Amino acid sequence: MTETIPNTAGVSITRQPADHLGGEILTVNFGPQHPSTHGVLRLIVDLDGEVIVSVKPVIGYLHTGIEKQMEALRYQQGVVVTDRHDYLSPPINNLAYALAIEKLMGVEVPERAQALRVIMSELTRISSHLVWLGTSALELGAMSVFMYCFRERDRVLEMNEEISGFRMHTSYIRPGGVMADLTPRFVDMLDVFIREMPSYIEEYEDLLTQNPIWKVRTQGIGKLSAEDAIRLGATGPMLRGSGVEWDLRKTLPYTGYEKYDFEMAVEQAGDCYARYLIRIRELKESVKILRQALDGLPGGPVNVDDRKFLPPPREELETSMEAVIHHFKLFTEGYSPPAGDVYVAVESGRGENGCYVVSDGTHKPRRVKFRSASFNNLQTLETMAVGHMIADLIAIIGTTDAVLGDVDR
Amino acid sequence: MKSRRKAVARGESAGDEWIAVSPAALRETLTELRDQQGFEALSFLSCVDHLAQPGSDDSNRFELIYELRSYQHRKVLRVRTFLAESEAVAPSVADIYPNANWDERETWDLFGIRFEGHPDLTRILMPDDWVGHPLRRDYPVGGEVVDFSEEHEMWETTPPQA
Amino acid sequence: MGVEELADSMPGVLLTTLNKLVGWGRGNSVWPAQFGLACCAIEMMHTASSSVDIARFGSEAMRASPRQADLMIVAGRVAHKMAPVLRQIYDQMPEPKWVISMGACASTGGVFNNYAILQGVDKIVPVDVYVPGCPPRPEDLLNALMILQERIKAQGIKPRV
């Protein structure tokens, strides 16, 4: 018989009879509002003393109906909505959507646009990993790391603002190219950032990598074997932490990544510490890619020169009648990709983030589905957490790096 | 190869390879693709609603998509299957690809496709007492009506062309 | 005996000084309850970080438990599934309490006008300050806090009529 204790402060506790002396299973609700700043994730945890017997995630508390929303908006309007599902890496979401539309339309963007896309993707990867590092460290007690990481992230957001006008949801990468070209001030800011960032990464490593408390809390915790990672669809650092060499930027390159020289970060241990090492290495590799992209930035236009796809520049509207007609058609009806479906995946900070677009030949999509890395990474939670203690659950949730906006869409 | 005999059709869409099978042959095809052809991972599974007119009974209304990924061969393959509106039931593949578990719950929640053999087919994104399947094309977008706007009907009614 | 019962029993002249004192005390130590839902939560974290420091305005302690907080900053979009939880957290906060609705999604539903998102958190809780933006800059949130502080200081002992 189960005994239910009345609901107090949002925690519901039920007790089942003990099946061994001194043991009873306590069901605890790790509610949607809790101090780990990972968003609105709810976990129903069964505990035997302090040891976790089962974990059941309950999601949907941030379900936004983004996929339905995109069906009611035109293709170019949909770009702003794509920013907001994985809200820690908006340009990477934009990139997946833009690549999908371009693949459907059969267009190839110019080289300068590709390099700018790489620059924005890597800056975003850095800012996303900084949030992960700051919040994970904060949850395990290292509060200074949080302050340092957000200090650097402020600089990345200032660069975002310089190039696109927005700090976070830039909508910079659009189907057909990018929003606008770089400004000289952006180039200066980026140059200084690339020169100073390695010393900041060293600062984080000094604080954490050889820290005995950090090592005790993360080594051996949350082990995920390679087969489990593949079967459960985990990607990104979750997969590379278990020894599988898979990084979409290297294995199936897109938007010009094959031109840059960088290494894939892979570890064998499969625990939280290995994934931490991977993300630190990815920070360093991103800085390397940024240096190469900035130095080797090709000249040329930043958008595809197709008036049926992208609007003409404002100056042309004063002189050309065709420009006015194109502008009118694109802003009232919008372009219509040929009927068909396409799936494009890019590598975000969390793993494989993809966009599946189905077009029926009209100016609004029939279906847009976002393959979200966090949705699949979160399914590994039960495999990783069973057998550990409840305090380790915090480290394990942190290491999945789940963004609930992406999980619930 | 064996998969060609069972496939109903093959094709390519914007550079992506796909094969189409019947719902009955789905489990066999996916098991074979996983064990013999090296497609170890399921990237995602989802559904597309091809409703042309609200109220018409379409035998090919729901299309289930399974995007398979092979790490060793660096390939992707899309497997499609079509379901009729009156028979929106498909076999569950949660034992073949474990991450299909949540994807199938999401498809049930948002489209109303039942997966036979799924261990726990309950709503995952919508509240448990929600009525209706929101991503179907005959379900309105919802939200607030924007008065005095030319597009105010857009939110109350289904997306265009059903 | 709380401050409010004390105020009821005091003569008018002393009351204004007490009003000012209580308003000053409450206004300068507003403790937010962490209610970060989506993207605005990240900007709220920036407001708490070193470059835009919310701690110098008294909000150093972002309490995890609503029972120890007096301000709820609703940062992010509120889904219909989350709405009852939000109301429960609001009910668990002791009086006096205030609500800042941060961002377009919390204020009016934002970009998402659809079946899943509550079109404005003021449908379920009373809001004191709205902060527009998607997401608002950290300085915007700080401005909202300052506006709220002026209001708290003006309210004195009895915050709600």
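Residues numbered from 1 in each chain as written. Chains lettered and ligands numbered in written order. Predicted model: local features only at pLDDT ≥ 70, side-chain atom pairs only at ≥ 80, totals over all residues.

Chemist: Explain the overall build of chain C residue by residue, including any values.
Modeler: Counting secondary structure elements, chain C contains six helices and four strands. What you see in chain C, going N to C, is helices and strands ordered as α-α-β-α-β-α-β-α-β-α. For 161 residues, the compact-globule formula gives about 15 Å, and the C-alpha radius of gyration of chain C, at 16 Å, lands near that figure. Taking the principal axes of the C-alpha coordinates as reference, chain C spans close to 55 × 35 × 25 Å. Restricting to contacts in chain C with at least 6 residues of sequence separation, those with at least 24 account for 80%. (Helix = DSSP H or I, 4+ residues; strand = E, 2+ residues; numbered from the N terminus. Rg over C-alpha atoms; globule rule 2.2 N^0.38 Å. Contact = placed C-beta atoms within 7 Å.)

Chemist: Run through the overall build of chain A, naming residues and quoting values.
Modeler: A count of helices and strands for chain A gives 16 helices and 10 strands. On the principal axes, the C-alpha backbone points of chain A span a range of 85 × 45 × 35 Å. Across the 409 residues that make up chain A, the buried fraction comes to 54%. In chain A, the share of contacts with a sequence separation of at least 24, taken over all contacts with a separation of at least 6, comes to 66%. (Buried ≥ 20, exposed ≤ 12 C-beta atoms within 10 Å, placed from the backbone.)

Chemist: Give a detailed account of the interface of chain A and chain C, specifying residues and quantitative values.
Modeler: Taken together, the 31 residues of chain A in the interface contact 32 residues of chain C. Of all the elements in the fold, those that place two or more residues in the side of chain A that touches chain C are α1 (66–71), α2 (78–82) and α5 (143–164) of chain A. With four residues, the top contributor of residues to the side of chain A that touches chain C is α5 of chain A.

Chemist: Go over the packing of helix α3 (residues 39–48) of chain C against helix α6 (residues 138–155) of chain C with me, naming the residues and quoting the values.
Modeler: Residues and elements named next belong to chain C. It is at 8 Å that the axes of α3 and α6 come closest, and there the two elements cross at 75 degrees. Relative to α6, α3 is oriented roughly perpendicular. Two secondary-structure elements touch here, α3 through E43, M44, H46 and T47 and α6 through P138, L141 and L142. Within the contact of α3 with α6, the residues separate by chemical class into four nonpolar, two polar and one charged. (Axes fitted to C-alpha atoms, helices over the stretch in contact; angles between N-to-C directions. Parallel < 35°, antiparallel > 145°, perpendicular 65-115°, else oblique. Nonpolar A, V, L, I, M, F, W, Y, C, P; charged D, E, K, R; others polar.)

Chemist: Can you break down the sheet that holds strand β2 (residues 16–20) of chain B residue by residue, with the values?
Modeler: All names here are of chain B. The mixed open sheet is built from five strands, whose spatial order is β1-β2-β5-β4-β3. Two strands bound the open sheet, and with one partner strand each, they are β1 (9–13) and β3 (41–49). Between one strand axis and the next, the sheet turns by 25 degrees as a mean value, whatever way the strands run. Sheet analysis places β3 next to strand β4 (residues 62–70), joined by eight bridges and oriented antiparallel. When the bridges of β4 are listed, C47 appears paired with L64. (Pairing = 2+ DSSP bridges.)

Chemist: Can you break down the nonpolar core residue by residue, with the values?
Modeler: Membership of the largest hydrophobic core comes to 196 residues, with the highest contact counts inside it found for A96 and A100 of chain A together with V74, A75, V78, I100 and M102 of chain C. Take this core: its biggest share by element is 14 residues, from helix α4 (residues 111–139) of chain A. Those residues in contact with I100 of chain C, other than ones at most four positions away along the chain, are L71, I73, D128, V129, V131, A144 and L148 of chain C. (Core = buried A, V, L, I, M, F, W, Y, C linked by C-beta atoms within 7 Å.)

Chemist: How would you sum up the sheet that holds strand β4 (residues 129–131) of chain C? Please name residues and give values.
Modeler: Residue and element names in this part refer to chain C. If you walk across this open sheet you meet the four strands as β1-β2-β3-β4, and the pairing is parallel. Looking along the sheet, the strands with just one partner apiece sit at the ends: β1 (32–33) and β4. As defined by bridge partners, β1 adjoins strand β2 (residues 71–75) across two bridges and the pair is classed as parallel. Counted as the bridge partner of A33 is M72 from β2. The strands that α3 touches are β2 and β3 (98–102); relative to β2, the one it contacts most, it runs at about 130 degrees.

Chemist: I'd like a rundown of the pairing of β2 of chain C, residues and numbers included.
Modeler: All names here are of chain C. Summarising burial for β2: five of the five residues are buried, a large majority. Taken together, β1, α3 and β2 constitute a β-α-β crossover, and its handedness is left-handed. Relative to β3, β2 runs parallel, the two sharing five bridges. Looking across to β3, one finds that A75 is bridged to M102. Of the crossover connections in this fold, the one passing from β2 over helix α4 (residues 83–92) to the parallel β3 is right-handed. (Right-handed = clockwise from strand over helix to strand, strands pointing away.)

Chemist: I'd like a rundown of the interface of chain C and chain B, residues and numbers included.
Modeler: In this complex, chain C contributes seven residues to the contact, which on the side of chain B involves seven residues. Its residues assigned to classes, the side of chain C that touches chain B shows one nonpolar, five polar and one charged.

Chemist: Explain the packing of helix α3 (residues 90–105) of chain A against α4 of chain A to me, using residue names and the numbers behind them.
Modeler: Residue and element names in this part refer to chain A. Packing of α3 against α4 leaves a shortest axis separation of 8 Å and a crossing angle of 140 degrees. The angle between the axes of α3 and α4 places the two elements in the oblique class. From α3, P91, I92 and L95 reach across to α4, where they touch R117, M120, S121 and T124. Along the lines of polarity and charge, the residues of the contact of α3 with α4 split into four nonpolar, two polar and one charged.

Chemist: Help me get a handle on the environment of H327 of chain A, residues and values and all.
Modeler: All names here are of chain A. Relative to the helices and strands, H327 resides in helix α12 (residues 321–332). When the C-alpha atoms of H327 and L310 are compared, they prove to be 8.5 Å apart, with 17 residues separating the residues in sequence. For H327, the residues in contact, after removing those within four places along its chain, are P311, P312 and L317.

Chemist: So, the confidence of the model for chain A: which residues are in play, and what are the values?
Modeler: Residues and elements named next belong to chain A. Confidence in the prediction of chain A, expressed as mean pLDDT, is 87, and 94% of residues score 70 or more. The least confident element of chain A, judged by mean pLDDT, is strand β1 (residues 3–8) at 46; the most confident is helix α6 (residues 184–208) at 93. Ignoring residues within four places in sequence, the model shows residues 5–11, a span with pLDDT below 50, making seven contacts including any to other chains. (pLDDT = per-residue confidence, 0-100.)

Chemist: So, unusual backbone geometry: which residues are in play, and what are the values?
Modeler: Geometrically, the link from E95 of chain C to P96 of chain C is a cis peptide bond, its omega value of -10 degrees lying close to zero. For P96 of chain C, the position within the fold is in the loop between α4 and β3. For the peptide bond that leads from C134 of chain C to P135 of chain C, omega is -10 degrees, which places it in the cis range. Relative to the assigned elements, P135 of chain C resides in the loop between β4 and α6. With a phi angle near 40 degrees, T255 of chain A is a residue other than glycine that sits in the positive phi range. The phi angle at D401 of chain A is positive, at roughly 55 degrees, despite the residue not being glycine. Note that D401 of chain A resides in the loop between α15 (390–400) and α16 (404–408).

Chemist: Residue-level account of the pairing of strand β10 (residues 367–371) of chain A, with values.
Modeler: Residues and elements named next belong to chain A. The element β10 is largely enclosed, with a buried count of five among its five residues. Residue alternation in β10 divides its side chains into two sets, R367, K369 and R371 and V368 and F370, and both sets are buried. Pairing analysis gives five bridges linking strand β9 (residues 352–359) to β10, with the strands arranged antiparallel. Within β10, the residue paired with C355 across the bridge is F370.

Chemist: Mind laying out the environment of A323 of chain A, listing which residues take part and the relevant values?
Modeler: Residues and elements named next belong to chain A. Its place among the elements puts A323 in helix α12. Remark: the alpha-carbon pair of A323 and F370, spanning 47 residues in sequence, is separated by 34 Å. Not counting residues within four places of it along the chain, the set of residues in contact with A323 comprises P312, E316 and L317.

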